[in-house]
Amino acid sequence: MTRVAAVDCGTNSIRLLVADVDPATGELVDLDRRMTIVRLGQGVDRTGRLAPEALQRTFAACREYAAIIKEHGAERLRFVATSASRDAENRDEFVRGVLDILGVEPEVISGDQEAEFSFTGATKELAGSDHLPTPYLVVDIGGGSTEFVVGDDRVRAARSVDVGCVRMTERHLVRDGVVSDPPSEEQIAAMRADIEAALDLAEQTVPLREARTLVGLAGSVTTVSAIAQELPEYDSGAIHHSRVSREKVREITDWLLRSTHAERAAVPSMHPGRVDVIGAGALVLLSIMERIGAQEVIVSEHDILDGIAWSVA
């Protein structure tokens, strides 16, 4: 077994996985897996720059992760940064800060690379499931972008499009610097049109409708599963490989988009950092399911982070 550390820094959250990995047997054993909401992408869609306070939150999380990596004695570390830092004019400032704290330079990867990691992480365990027809469509709904990957034992086609829960919220649901609570029908319709246009774009490259099994990744999808199961707290074990029907996703999305901040915050499985952006994330998921005719989504807690860990090993 090789002890590795993987960091995935997205638009909304930064996550760490320290694991023992055995490429020969395909076994990955978690030692520490955690997530911190840092909102690195705060305002990037509007300003084109990473905000100073967003960088400070991210660097604080990096310092915490550095201590954990050292404590576990990981032999190798890979730090991957995705959508927000790909788009920002001042990304050099971000790169320097991470290098100072963790001793590795963040790799600002392309959407295609992001998709490859997500697919590997999400499907490696599913490969032996006879009852799950292929090809898989792996959908990773992030803060700034959504990755679509179709494949079976390997990636056949992938595309990253600029719709994510933070980007859609900031673009459509914010008025005068405040998230609408709840949004108007016009705001929801405009957001839906934006998502549909992005799906049109994705379909130019990825045969979405050929998929036979839909696998959903990241916080928006896992939170929808937690709500569907009425979990008393966020429980990775209960969420991993759970199945949520399209009708249930529609019911939850409708409620999220018509609820107030206080009502969403009262959901016991809701991370405080997701309260304002979960409605947009759920709508992205529902739109995908309707587009491809998926009756259910299989929810995976294993995603790009696991794919990064495999790549290190």
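Refer to the structure printed above.
The following paragraphs examine the structure supplied in this document. If you're wondering where the values come from, they're calculated on a predicted model, not measured in any experiment.

**Describing the overall build of the chain**
Piece 1. Counting its secondary structure elements, the chain contains 13 helices and 13 strands.
Piece 2. Relative to the 2.2 N^0.38 estimate, which gives 20 Å for 313 residues, the radius of gyration of the chain is 18 Å and therefore close to what a compact globule would have.
Piece 3. Principal axes of the C-alpha set define a box for the chain whose edges measure 50 × 50 × 40 Å.
Piece 4. Per-residue burial for the chain yields a buried fraction of 57% across its 313 residues.
Piece 5. When the accessible surface of the chain is split by element, carbon and sulfur atoms take 46% of a total near 12,800 Å².

**Re the sheet that holds strand β1 (residues 2-9)**
Piece 1. Here five strands make up an open sheet; going across it, the order is β3-β2-β1-β4-β5 and the pairing mixed. Every other strand in the sheet has two partners, leaving β3 (27-37) and β5 (107-108) as the edge strands with one partner each.
Piece 2. Two elements, strand β2 (residues 13-22) and β3, share ten bridges in a ladder whose sense is antiparallel. Along β3, the bridge assignment pairs valine 18 with aspartate 32.
Piece 3. On the sheet, helix α4 (residues 91-102) packs against β1, β4 (76-81) and β5 and is oriented at approximately 160° with respect to β4.
Piece 4. This element, helix α13 (residues 304-312), spans β1, β2, β3 and β4 of the sheet and lies at about 140° to β1.

**As for the sheet that holds strand β13 (residues 296-299)**
Piece 1. Taken in spatial order, the six strands line up as β8-β7-β6-β11-β13-β12 in an open sheet, and their pairing is mixed. Two strands in the sheet have a free side with no partner beyond their single neighbour: β8 (155-161) and β12 (243-245). For this sheet, the mean angle separating the axes of adjacent strands, direction not counted, is 25°.
Piece 2. In the sheet, strand β11 (residues 213-217) pairs with β13 via two bridges, with the strands oriented parallel. Within the sheet, the bridge partner assigned to valine 215 lies in β13 and is isoleucine 298.
Piece 3. Each of β6 (136-141), β11, β12 and β13 touches helix α8 (residues 219-228); the most contacted strand, β13, lies at about 105° to it.

**Section: the packing of helix α10 (residues 246-258) against helix α12 (residues 278-292)**
Piece 1. Contact pair α10 / α12: the axes reach a minimum separation of 9 Å and the direction vectors enclose 150°. With respect to their mutual orientation, α10 and α12 come out roughly antiparallel. In the crossing of α10 with α12, the sense of the turn from one axis to the other is left-handed. Across the interface between the two elements, Arg246, Val249, Arg250, Thr253, Leu256 and Leu257 of α10 pack against Ile278, Gly279, Ala280, Ala282, Leu283, Leu285, Leu286, Met289 and Glu290 of α12.
Piece 2. In the contact of α10 with α12, the residues fall into ten nonpolar, two polar and three charged.

**Things to note about the environment of arginine 258**
Piece 1. For arginine 258, the position within the fold is in helix α10.
Piece 2. Among the residues examined, arginine 258 registers a relative accessible area of 46% and is labelled partly exposed.
Piece 3. Measuring from C-alpha to C-alpha, the distance between arginine 258 and isoleucine 37 comes to 24 Å, with 221 residues separating the pair along the chain.
Piece 4. Setting aside anything within four residues of it in sequence, one finds arginine 258 in contact with Pro182, Glu185 and Ile188.

**A look at the nonpolar core**
Piece 1. Counting 47 residues, the largest nonpolar core has Leu137, Phe148, Met191, Leu214, Leu285 and Ile288 as its most contacted members.
Piece 2. Among the elements that make up this core, the one with the highest residue count is α12 (ten residues).
Piece 3. With sequence-adjacent residues up to four places away left out, leucine 214 is seen in contact with Leu137, Val139, Ile288, Met289, Ile292, Ala294, Glu296, Val297 and Ile298.
Piece 4. By size, the runner-up hydrophobic cluster in this structure holds 25 residues, among which are Val7, Val44, Ala61 and Ala88.

Reading the values: the criteria
Residues numbered from 1 in each chain as written. Predicted model: local features only at pLDDT ≥ 70, side-chain atom pairs only at ≥ 80, totals over all residues. Heavy atoms only, no water. Helix = DSSP H or I, 4+ residues; strand = E, 2+ residues; numbered from the N terminus. Rg over C-alpha atoms; globule rule 2.2 N^0.38 Å. Buried < 20%, exposed > 50% of the residue type's maximum accessible area, 1.4 Å probe, protein only. Areas by Shrake-Rupley, 256 points an atom, 1.4 Å probe, with all protein chains shown as cover. Pairing = 2+ DSSP bridges. Contact = heavy atoms within 4.5 Å. Axes fitted to C-alpha atoms, helices over the stretch in contact; angles between N-to-C directions. Parallel < 35°, antiparallel > 145°, perpendicular 65-115°, else oblique. Left-handed = near helix turned anticlockwise from the far one by under 90°. Nonpolar A, V, L, I, M, F, W, Y, C, P; charged D, E, K, R; others polar. Core = buried A, V, L, I, M, F, W, Y, C linked by side-chain atoms within 4.5 Å.

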